[in-house]
Amino acid sequence: MGMLDSLIYENIVTYTSEALLVASPVCNTGMQILDFSPIYMNQAYEIMTNKRVEIDSLFSKSMVHVSASVPWIQMGQEAFETGKHIEHSFFSQVLNSWFFVSLVKLPQDFLLVTLHDISKDKEHEQQLRRQNLRLAALSEELVLSRQNLRNKLDKIENLNIRLEHLAFHDPLTGLPNRSRFNEIIELSIQKSKKEHGILGLMLIDIDNLKDVNDSRGHSAGDELLCRVSKQLKNFVRETIQVFRFGGDEFLVLATELETKDSMVTISDAIMESVNSVNVSISAGISLFPDDTDSIEELLKFADMAMYDVKKKGKNNVFFFMHLMQDKLLKRLNLETKLNEAMLNGSFKLYYQPQVDITTNKLRGFEALLRWYDDEIGWISPEQFIPLAEESRLVIPLGDWVMDTACATLRNWKDTYNFEGIMSINVSPIQLKKPSFIYDLDETIKKYSLDPRKIEIEVTEGVLIENMEETVRLLQDVKNLGVGISLDDFGTGYSSLSYLQILPLTTLKIDKSFIANITSKNSVEAEITDSIISLVTKMGLDTIAEGVENAEQLGVLQQINCRNTQGFLMGKPMPVDICEKMLSGDESAILRIENGQDPIRYSI
Ligand code: C2E
Ligand code: MG
Ligand code: MG
């Protein structure tokens, strides 16, 4: 180092990219530093400060041209006092840059000022800070939206739980209902089979509830029902379950019985307990496996025994006995009749209008099966469809319904220029016949129909076995362009999750919901509202079933239900009355408006 001569040092100082300035202190007589006077600056310094600092001037005069806010003189004094580097960052308005400055005392009482332009670093720093802020905001947003989603999911979950509770419990007594029974009996039978236990089913019917309702009003009837259910609840334990089966009927299911006599003990105790609160009941009992091993027959047999009690003076309990079987044979007769009816074509289709309440226009019709037997009279599809399903007769019957409804649709289009939809009920058994899709497609082609004008109605029952296959099947139906409506939503197995699994186009809210939507603080109204807004968002059409009065219609309009079907809009009608309506015949429309019943069941 010592080898280099001073010229070289001078060159280094002159040409370095570091901005350097040397100043000497200006003192008063007491040797106190008052100011500094620049005596040298290199090229870099001149360029960086835009030649705003002059040699031989004073800091107090010239350094303010770099920045007026930096305490130049104090910093210089401090550097002299401490002998350390005094550093500072500042923004120069004049030069529009950020600087880092360092002042240090040189050995011969000079002050060295080094200046760095740090604008780039500063910019970077600020960018980072901005980015951090943005990230923070973003993560906050994320937390919020996650919270939001959670809330929404919770709501749906909640809704599901309430829906499930509603589906499986009777609101009046809080007892599990028929749907729950249907679930539980299945499992109980399986268990009984495995463990070789006896299972007893006791069907209880309150005597004369109808008279109480008629003479003292429904609240007296409700009170009576609650009184009975309170007594029955006392018997509930792991092996004894109680259900409200409907109307004035209760079911007691006793499992793991060792002998038939145990059922006698239980039923006697129940009779006594109910009588003790001044209620008279008639009850019938059937046993598994002694009487039958079919669930349906268990119920039938208990029912028959109960009816026998009614006939013989009420307030008693009878066991089903095989003697009764000939009566059953008469009922089974229905199946034979069903067969005959299929053969001689005594089925009819009725059509019930569906109305779009947002436009007050006809959306279409639902085809509903009707059967009249000369001996028995009208037989409700609720009675014969299950029988037809059991015997698989529902397959040819369903084929006939599909063909007839499509033929009608073709005819209405040709004759009345009808553009509406034809909704056709399809039994799960019919849906699962291997040729269903093929046959449906063929029928559509046969009548050259627009598939979008056909809609099949399925119930959640289709999901019971082989969910995946069902979904695939329905997807095939949808691919044809045919609509798929989920019927009776809100009963039985209802779950919102099905709405996501099934490729649906329409949701039909069951009439049991609609029946209760006008009462005060109605749970059904609230749930219907949530469900409708949910499925409407999913792009599904909605239909409320069983709309019977203007009050219900009012509520449905409020909660933005799109379509309604029910006696208020019109009962199911034979084809000729529908045609009068389609041709604009006033009397037919009047009949529809009055909800006049063109048909009554005798059974
Ligand atoms: P669903 O498909 O839910 O049909 C609606 C039922 O509600 C019909 O009973 C209809 O008459 C009745 N209904 C309509 N409006 C009102 C109302 O305002 N108040 C009340 N209380 N009831 C109303 P229906 O005709 O006795 O049919 C019963 C069930 O039988 C149908 O229920 C459907 O599941 C089944 N069904 C009917 N036709 C067929 C068919 O062709 N094939 C199959 N597989 N099932 C059918
Ligand atoms: Mg239906
Ligand atoms: Mg329905």
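Since this is a predicted model, take the numbers as computed values, not measurements.

J.: In this structure, what is going on with the overall build of the protein chain? I would like to understand it.
T.: Scanning the protein chain from N- to C-terminus turns up 22 helices and 19 strands. Against the globule reference of 25 Å for 603 residues, the protein chain gives a C-alpha radius of gyration of 44 Å, more extended than a compact globule. With the C-alpha coordinates aligned to their principal axes, the bounding extent of the protein chain is approximately 135 × 65 × 50 Å. Taking all 603 residues of the protein chain together, the buried fraction comes to 45%. A separation of at least 24 residues holds for 63% of the contacts in the protein chain among residues at least 6 apart in sequence. Of the roughly 31800 Å² of accessible surface on the protein chain, a fraction of 52% belongs to carbon and sulfur atoms. Both charge centroids of the protein chain, one from 61 positive and one from 87 negative side chains, sit 3 Å from each other.

J.: Explain the coordination of the magnesium ion (ligand 3) here, please?
T.: Coordination angles at a metal have ideal targets, namely 109.5 degrees for four tetrahedral donors and 90 or 180 degrees for six octahedral donors. Around the magnesium ion (ligand 3), the protein contributes the donor atoms D487 (OD), D488 (OD), E545 (OE) and E545 (OE), at 2.0 to 2.4 Å from the metal centre. The sequence pattern formed by the donor residues of the magnesium ion (ligand 3) is D-D-x56-E. Metal-to-metal, the separation of the magnesium ion (ligand 3) and the magnesium ion (ligand 2) is 4.1 Å; D487 coordinates the two. Placement of D488 in strand β16 (residues 483–489) and of E545 in strand β18 (residues 541–545) is noted, with a sequence separation of 57 residues between them.

J.: Is there a simple way to think about the sheet that holds strand β9 (residues 281–288) in this case?
T.: Each strand in a sheet pairs with its neighbour through backbone hydrogen bonds, running either in the same direction (parallel) or in the opposite one (antiparallel). The strand order across the open sheet built from 5 strands is β7-β8-β6-β9-β10, with neighbouring strands paired in mixed fashion. Single-partner strands in this sheet number two, and they are β7 (240–246) and β10 (316–319). The sheet shows a mean angle of 20° between the axes of neighbouring strands, direction not considered. In this structure, β7 lies alongside strand β8 (residues 249–257), joined through 6 bridges in antiparallel fashion. Looking at the pairing, F243 lines up with L251 of β8.

J.: For this particular structure, what's the right way to read the coordination of the magnesium ion (ligand 2)?
T.: Surrounding the magnesium ion (ligand 2) are the protein donor atoms E366 (OE), N425 (OD1), E457 (OE) and D487 (OD), which sit 1.9 to 2.3 Å from the metal. Coordination of the magnesium ion (ligand 2) draws on donor residues from a single chain, spaced E-x58-N-x31-E-x29-D in sequence.

J.: Explain the pairing of β8 to me, please; I cannot follow it from the model alone.
T.: In summary, the side chains of a regular strand alternate between the two faces of the sheet. By the criterion of burial, β8 is predominantly enclosed, with 8 of the 9 residues buried. In terms of strand pairing, strand β6 (residues 198–206) meets β8 through 7 bridges, oriented antiparallel. Each residue of the ladder has a partner; that of G200, found in β8, is A254.

J.: I would appreciate a short explanation of helix α15 (residues 436–446) in the present structure.
T.: Think of an α-helix as turning once every 3.6 residues; residues three or four places apart then point the same way. Restricting attention to buried positions, one finds in α15 the residues F436, I437, L440, T443 and I444. The buried residues of α15 all sit within an arc of 130° when viewed along its axis, so they share a single face. In α15, the exposed positions angled more than 90 degrees off the buried face are occupied by Y438, K445 and K446. Lining the buried residues of α15 we find α13 (394–416), α14 (428–431), β15 (454–458) and α16 (467–479). One or two residues past the end of α15 sits S448, with phi positive at roughly 35°.

J.: Explanation requested: the sheet that holds strand β3 (residues 86–92) in the structure shown.
T.: The 5 strands are arranged β2-β1-β5-β4-β3 in an open sheet whose pairing can be described as antiparallel. Strands at the two margins of the open sheet, each flanked by one partner only, are β2 (33–41) and β3. Strand-to-strand twist across the sheet, computed as the mean angle between neighbouring axes with direction ignored, equals 30°. Where strand β4 (residues 97–106) and strand β5 (residues 110–117) come together, 8 bridges link them in antiparallel fashion. Paired with V101 across the bridge in β5 is L115.

J.: Can you help me understand the packing of α13 against helix α21 (residues 575–582) in this one?
T.: When two helices pack together, you describe them by how their axes are tilted relative to each other and by the distance separating the axes. As a packed pair, α13 and α21 sit with axes 11 Å apart at the nearest point and diverge in direction by 30°. What the angle tells us is that α13 and α21 run roughly parallel. Pair α13 / α21 crosses with right-handed handedness. Counting all contacts with α13, which are made through T408, N411, W412 and Y416, the residues of α21 involved are V575, C578, E579 and L582. Each residue belonging to the contact of α13 with α21 can be placed in one class, and the counts come to 5 nonpolar, 2 polar and 1 charged.

What counts as what
Residues numbered from 1 in each chain as written. Chains lettered and ligands numbered in written order. Predicted model: local features only at pLDDT ≥ 70, side-chain atom pairs only at ≥ 80, totals over all residues. Heavy atoms only, no water. Helix = DSSP H or I, 4+ residues; strand = E, 2+ residues; numbered from the N terminus. Rg over C-alpha atoms; globule rule 2.2 N^0.38 Å. Buried < 20%, exposed > 50% of the residue type's maximum accessible area, 1.4 Å probe, protein only. Contact = heavy atoms within 4.5 Å. Areas by Shrake-Rupley, 256 points an atom, 1.4 Å probe, with all protein chains shown as cover. Lys, Arg positive; Asp, Glu negative; His and termini not counted. Charge placed at Lys NZ, Arg CZ, Asp CG, Glu CD. Donors = N, O, S within 2.8 Å, 3.2 Å for Na, K, Ca; no water. Pairing = 2+ DSSP bridges. Axes fitted to C-alpha atoms, helices over the stretch in contact; angles between N-to-C directions. Arc of directions from axis to C-beta. Parallel < 35°, antiparallel > 145°, perpendicular 65-115°, else oblique. Left-handed = near helix turned anticlockwise from the far one by under 90°. Nonpolar A, V, L, I, M, F, W, Y, C, P; charged D, E, K, R; others polar.

Nothing here speaks to function; it is all geometry.
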